[in-house]
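Descriptive structure summary
Next come the chains, spelled out residue by residue.
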Amino acid sequence: MTDMPQADAGPDRTPRPDTGRRRVVIVGGGFAGLACARELAGADVQVVLIDRRNHHLFQPLLYQVSTAALSPADIAVAIRRVLHKAGNVDVVLAEVTGVDRADARVRLKDGGHIPYDQLVLATGSVYHYFAHPEWRDHAPAPKSIAEARRIRARLLGAFERAESCPDPAERRALMTVVVVGGGPTGVEMAGTVAELARYTLRGDFRRIDPAEARILLVEAGPRLLAAFPPDLGDYARGRLKRMGVEVRLDQPVEAIDDGGVTLAGERIDAATVVWGAGIRAAPGADWVGGTADRTGRLPVTANLSLPGDPAIFALGDLALFEQDGKPLPALAQVAQQQGRHLGRALRRSDAPPPYRYRTRGDTAVIGRHAAVYTYGRFKLTGRLAWLLWSIAHVYLLIGFQRRTLVMLQWVWRYLTFERGARLID
Ligand SMILES: Cc1cc2nc3c(=O)[nH]c(=O)nc-3n(C[C@H](O)[C@H](O)[C@H](O)COP(=O)(O)OP(=O)(O)OC[C@H]3O[C@@H](n4cnc5c(N)ncnc54)[C@H](O)[C@@H]3O)c2cc1C
């Protein structure tokens, strides 16, 4: 707990400390925090948005950076740029380490603090390696640009090494990719790696045939896409099989090291292991002394404020918001809607009204022409679902220019199977 007054909180780091306006401090420039700040643009409040990164990242497409389909700059945009026309918004590049509730200020890692009248916590989530934090070194997860580039370098580097590897067993291991986790991220990743190997890299090597790569998707539970109706999970499994992906269900990973994985007692040598199995909320709950759930999420009331503290709000992946007796999922559309709702409400000084999530349906992509989409009882698979998935993702991208650019790249890649971002750095 960090809500005791801190005498040594360092200097006030607010860029413009004396505007005399009510100050809303937002921690996190992801889907929730940025949507909230954009709604507050031009309002009669001072907004200070703090993020430890200088960019807003479109995480749903990180797997495409990991598999060389898109460049990092295609899915990231400087937060300062997005908000450059909002004269009442200050952007601060800093990592928040705690909240002094008694003094109403957030503390920053490099010293100093920023006082607030109202505080919005939107720090998102992190990948969770369950009881094995050491697996992180061997199995990167597509959560940041640095991690996505690490995956891309491993994947492409392994094919390069295989090309000049004289030993057949070692060559086989170099051409083996294991994706852990049968949720949307794992399914997307396995499908795209299969396309990369079977089509994009084909013909570029002399000794190896990348199409012979072994790609495994490993899931501890009995089916893929557990959050979707069972027949959509079966569809995904069937499509992946047709794409040459070996799907292993009911096989929890027992060990991961630099040379591969162990599944149900079976050793699989693999140069590339990608993690997409579990997330937990980013730090935030402990800053305000809240009782988090088992995944670290902070329970919030119907209007997104903390129980007992109407000046502090939590949004997006960090928040545990229950609707109709069920917690909302950790999705970009939830985070963005919550951010918009709160931003609109905070333009006025009275308490925000209750929030209600309105889904636009859930999608997961498997590969070219193949996706699943569900909206209530309505279900769709195949080409049309893929189209809906594309539209939904492009719609969520911040900034018209970026939407157009990504759309054009997709169309080009769709027609040619070409990948423009095959650099190993
Ligand atoms: C690989 C992948 C695929 C996904 N696919 C989909 C999908 O297809 N559809 C979908 O709806 N959702 C998808 N999601 C989930 C979606 O990305 C999240 O639900 C969404 O990003 C949550 O938004 P948020 O604002 O809560 O957090 P984030 O978008 O994660 O933003 C959190 C921000 O807080 C900042 N921050 C964190 N800690 C601190 C700190 N201490 N100090 C300062 N700043 C801090 C971070 O730098 C970040 O900018 C996917 C996620 C991943 C990882």
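- The name an unreviewed UniProt entry assigns to the protein is NADH:ubiquinone reductase (non-electrogenic), from the organism Sphingomonas abaci.
- The UniProt entry for the protein carries the following comment under Sequence similarities (unreviewed entry): "Belongs to the NADH dehydrogenase family."

**Structural notes on the site of the ligand**
- Looking at the ligand, there are 29 residues lining it, with Ala32, Asp51, Gln59, Asp317 and Ala332 nearest.
- Side-chain polar atom of Asp51 to an oxygen atom of the ligand: 2.6 Å apart, as the coordinates give it.
- One nitrogen or oxygen atom from the side chain of Arg53 is found 3.4 Å from an oxygen atom belonging to the ligand.
- Considered on its own, the ligand offers 1,000 Å² of accessible surface; in the complex 94% of this is hidden by protein.
- Sorting the residues of the shell around the ligand by element identifies helix 1 (31-40) and helix 8 (332-346) as the ones contributing at least two each.

**With respect to the sheet that holds strand 14 (residues 253-257)**
- The antiparallel open sheet is built from three strands, whose spatial order is 14-15-16. Looking at the sheet topology across the chains shown, the edges are occupied by strand 14 and strand 16 (266-269). Averaged over neighbouring strand pairs, the angle between their axes works out to 15° when direction is ignored.
- The pairing of strand 14 with strand 15 (residues 260-263) spans four bridges and is classified as antiparallel. Within strand 15, the residue paired with Ala255 across the bridge is Thr262.

**So, the packing of aromatic side chains**
- Summed over the entire model, instances satisfying the criterion amount to seven aromatic pairs.
- Between Tyr129 and Trp275, the ring centres sit 4.7 Å apart and the planes meet at 20°, which makes this aromatic pair stacked. Taken together, the residues Tyr129 in the loop between strand 10 (125-127) and helix 4 (145-163) and Trp275 in strand 17 (residues 272-275) connect sequence positions 146 residues apart.
- The buried category is assigned to Trp275, whose relative accessible area is 2%.
- Note on Phe159 and Phe205: the rings are 6.4 Å apart at their centroids and 45° apart in plane angle, and the pair reads as tilted. Separated by 46 residues along the polypeptide, Phe159 in helix 4 and Phe205 in the loop between helix 6 (184-200) and strand 12 (214-218) bring together distant segments of the chain.
- Of the aromatic side chains, those joined through ring pairs into one cluster are Tyr129, Phe130, Trp135 and Trp275.

**Some thoughts on helix 9 (residues 383-396)**
- Helix length check: helix 9, at 14 residues, gives a terminal C-alpha distance of 20 Å against a target of 20 Å (1.5 Å per residue), a fit within 8%.
- Listed in full, the buried residues belonging to helix 9 are Ala385, Trp386, Trp389, Ser390, His393, Val394 and Leu396. Down the axis of helix 9, the buried side of the element spans an arc of 165°, and every buried residue falls inside it. More than 90 degrees from the buried face of helix 9, the exposed residues found are Leu384 and Ile391.

**Some remarks on the UniProt feature "domain: FAD/NAD(P)-binding" (unreviewed entry) in the protein**
- Under the UniProt annotation, the feature "domain: FAD/NAD(P)-binding" (unreviewed entry) is placed at residues 23-339.
- In residues 23-339, helix accounts for 26% and strand for 29%; the two terminal C-alpha atoms are 17 Å from one another.

**Topic: the sheet that holds strand 26 (residues 370-375)**
- The strand order across the open sheet built from three strands is 25-26-27, with neighbouring strands paired in antiparallel fashion. Only two strands of the sheet have a single partner each, and these edge strands are strand 25 (362-367) and strand 27 (378-381). Ignoring which end each strand starts from, the neighbouring axes of this sheet average 10° apart.
- Two strands pair when backbone bridges link them, and strand 26 and strand 27 are joined in this way by four bridges, in the antiparallel orientation. Note on strand 27: the bridge partner recorded for Thr374 is Lys379.
- This element, helix 9, spans strand 25, strand 26 and strand 27 of the sheet and lies at about 75° to strand 26.

**Quick notes on the environment of Arg294**
- Tracing the backbone shows Arg294 in the loop between strand 18 (279-281) and strand 19 (298-299).
- A relative accessible area of 76% means that Arg294 is categorised as exposed.
- For the pair Arg294 and Asn54, spaced 240 residues apart in the sequence, the C-alpha separation amounts to 30 Å.

**Points about the side chain of Arg23**
- Residue position: Arg23 is located in strand 1 (residues 23-27).
- Within the structure, Arg23 has its side chain in polar contact with the backbone oxygen of Pro17 (distance 3.1 Å).
- Side-chain polar atoms of Arg23 contact the backbone oxygen of Pro115, separated by 3.0 Å.
- Those residues within four positions of Arg23 in sequence are excluded, and the remaining contacts are Thr14, Arg16, Pro17, Gln46, Val48, Ile114, Pro115, Tyr116, Asp117 and Gln118.

**Remarks on a nonpolar patch on the surface**
- A contiguous nonpolar patch, built from Leu384, Leu387 and Ile391 and spanning about 300 Å² of accessible area, is present on the exposed surface.
- The topology assignment puts Leu384 in helix 9.
- Since its relative accessible area comes to 53%, Leu384 is described here as exposed.

**So, the nonpolar core**
- Among the nonpolar cores identified, the biggest contains 116 residues, and Ile50, Val106 and Leu240 are the most heavily contacted of them.
- Counting contributing residues, this core receives three or more from each of domain 1 (23-127 + 279-346) and domain 2 (133-277).
- Ignoring anything within four residues of it in the chain, the contact list for Leu240 reads Val187, Ala190, Gly191, Leu217, Leu224, Val245, Val247 and Ile366.
- Tyr129, Trp135, Ala139 and Trp275 belong to the second-largest nonpolar core, a separate cluster that totals 17 residues.

Criteria and cut-off values
- Position numbers for residues count from 1 along each chain, tracking the sequence in the order it is written.
- Where totals are concerned, whole chains, interfaces and linings use all residues; where local detail is concerned, this predicted model gives features only for residues with pLDDT of at least 70, and gives and counts side-chain atom pairs only at 80 or more.
- By convention in this description, side-chain values take in all heavy atoms of the structure and omit both hydrogens and water.
- UniProt positions are given in the numbering used here, feature names are shortened, and annotations may be inferred rather than shown by experiment.
- Near, as used in this document, describes a residue that has one of its heavy atoms within 4 Å of the molecule or strand being considered.
- Any N or O atom pair separated by 3.5 Å or less is treated as a polar contact, with the protein-specific requirement of one donor-capable and one acceptor-capable atom, and with residues adjacent in sequence counted only for side-chain atom pairs.
- Each accessible area is a Shrake-Rupley result for a 1.4 Å probe, and residues are judged covered by the shown protein chains and nothing else.
- Helix numbering and strand numbering both begin at the N terminus, where a helix is a DSSP run of H or I of at least 4 residues and a strand a DSSP run of E of at least 2.
- Strands were regarded as paired on the criterion that DSSP finds at least two bridges between them.
- Lines fitted to C-alpha atoms define the axes here, with helix axes fitted over just the stretch in contact, and angles between the N-to-C directions of these axes take values from 0 to 180 degrees.
- Ring pairs shown here join Phe, Tyr and Trp side chains whose ring centres sit within 6.5 Å, with only the six-membered ring taken for Trp; geometry is labelled stacked below 30 degrees between planes, edge-to-face above 60, and tilted in between.
- Remark: exposure states derive from per-residue accessible area (1.4 Å probe, protein chains only) relative to the maximum for the residue type, with buried under 20%, exposed over 50%, and partly exposed in between.
- Every helix has an expected span of 1.5 Å times one less than the residues it contains.
- It is the directions from the helix axis to the C-beta atoms whose arc is reported.
- Residue contacts follow a heavy-atom distance rule, with two residues in contact if any of their heavy atoms lie within 4.5 Å.
- For patches, a residue must show more than 30% relative accessible area and have no salt bridge; joins then use 9 Å for like charges and 5 Å for nonpolar side chains, namely Val, Leu, Ile, Met, Phe, Trp and Tyr.
- What makes a salt bridge here is a side-chain nitrogen of Lys or Arg within 4 Å of a carboxyl oxygen of Asp or Glu, nothing more.
- Residues enter a nonpolar core if they are buried and are Ala, Val, Leu, Ile, Met, Phe, Trp, Tyr or Cys, with the set joined through side-chain atoms within 4.5 Å.
- An automatic or database domain assignment supplies the start and end points of every domain.

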